[in-house]
Each structure stands twice: as C-alpha cells, then as structure tokens.
Amino acid sequence: MAGTARARTGWRYRANVTARVVAGTIGAYAVAALFAAAMARVLPMPRVEAIMPATLLAFLVGPAVTLWAFLARGPWRAWAGVVLLAALFAAIGWSAGAPA
C-alpha cells in the first residue's frame, strides 16, 4: 500500500498525467476542429448548410478523444492516437479541395 502511494507522487506519474491532460484538452480540440472542417467539406449538402451538422458531430468527437487519452495504455499511445486522428481528418479536409 505504501508503494502505491509513493508511485503516485513521483515525477513519472505526474508527467504521465500531464501528458494525458494535454492530449485530452489541446489534442481533443485540434481533432474536433479538424473533424468539423473535414466533415463540412465532405457532407453532401451546400457547405454553408453542412457547417451545423459537422460542428454538432464534432461535439461528440472531442469527448471521445479525451476519453481515449485517459484510457490508452500509456501517454505515448494516447498522443499517437490523437496525432493519427488529426492527420486523418486533415488529409480528408485537404483532399476535399478548396472551400467554395
């Protein structure tokens, strides 16, 4: 029991939690923003009208990414998932073409 308390006060534990918090806040915001931008370009409706459903769906993506950041096995996997999702949505948005 004393070993567990000691493990939670070390710098590694604090760095782990800090990395997950940053991935779950800043990373989730970036992924949600890229998701909204990509979906606004991909949805089969005029882009002005596609902004609302894309933004509403992004409100579901953000918390999902935050959950992933804390459920991943380690902070490196958490960041890998966040970066891969951000790259995927950026590629989708980029390949959809310039906004009209």
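Residues numbered from 1 in each chain as written. Predicted model: local features only at pLDDT ≥ 70, side-chain atom pairs only at ≥ 80, totals over all residues. Heavy atoms only, no water.

Overview of the packing of aromatic side chains
Put simply, the rule is: Ring pairs shown here join Phe, Tyr and Trp side chains whose ring centres sit within 6.5 Å, with only the six-membered ring taken for Trp; geometry is labelled stacked below 30 degrees between planes, edge-to-face above 60, and tilted in between. A run of H or I in DSSP becomes a helix once it reaches four residues, and a run of E becomes a strand once it reaches two; helices and strands are each numbered from the N terminus. Burial here depends on accessible area, computed with a 1.4 Å probe over protein chains only, as a share of the maximum for the residue type. Under 20% is buried, over 50% is exposed, and the range in between is partly exposed.
Scanning the model with the defined rule gives 1 aromatic pair in all. With a centroid separation of 5.1 Å and 75° between ring planes, the pair formed by F35 and F89 is classed as edge-to-face. Here F89 lies in helix α4 (residues 75-95) and F35 lies in helix α2 (residues 11-42), a separation of 54 residues in the sequence. We note that F35, like F89, is buried.

Topic: α2
Applicable threshold: One less than the number of residues in a helix, times 1.5 Å, gives the span that helix is expected to have. Bend is the name given here to the angle between axes fitted to two runs of seven residues, the run ending at a residue and the run starting at it. Contacts are assigned to residue pairs with any non-hydrogen atoms lying within 4.5 Å of each other.
Relative to the 46 Å expected for 32 residues at 1.5 Å per residue, α2 spans 44 Å between its end C-alpha atoms, a close match to the ideal helical length. Along α2, the sharpest kink reaches roughly 30°, centred on G27. When α2 is considered as a whole, its buried residues turn out to be R20, A23, G24, G27, A28, V31, A32, F35, A36, A38, M39 and A40. Taken together, the buried residues of α2 touch α3 (47-71) and α4.

Concerning the packing of α2 against α3
What counts is decided by this rule: Lines fitted to C-alpha atoms define the axes here, with helix axes fitted over just the stretch in contact, and angles between the N-to-C directions of these axes take values from 0 to 180 degrees. Note on terminology: angles under 35 degrees are roughly parallel, angles over 145 are roughly antiparallel, angles of 65 to 115 are roughly perpendicular, and the others are oblique. What makes a crossing left-handed is the near helix being turned counterclockwise from the far one by less than a right angle; a clockwise turn instead makes it right-handed. We call Asp, Glu, Lys and Arg charged. Ala, Val, Leu, Ile, Met, Phe, Trp, Tyr, Cys and Pro are nonpolar, and the rest, Gly among them, are polar.
The geometry of α2 relative to α3 is characterised by a closest axis approach of 7 Å and an angle of 155° between their N-to-C directions. In terms of orientation, α2 lies roughly antiparallel with respect to α3. Classified by chirality, the crossing of α3 by α2 is right-handed. Residues of the contact of α2 with α3, tallied by class, amount to 19 nonpolar, 5 polar and 3 charged.

A word on the confidence of the model for the protein
Reading fine detail from the predicted coordinates is not recommended where pLDDT is low. Heads up, the rule is: pLDDT is defined as a per-residue confidence score from the predictor, taking values between 0 and 100.
Taken over all residues, the pLDDT of the protein has a mean of 90, while the share at 70 or more is 90%. In the model of the protein, helix α1 (residues 2-7) stands out as the element of lowest mean pLDDT, 62, in contrast to α4, which has the highest, 95.

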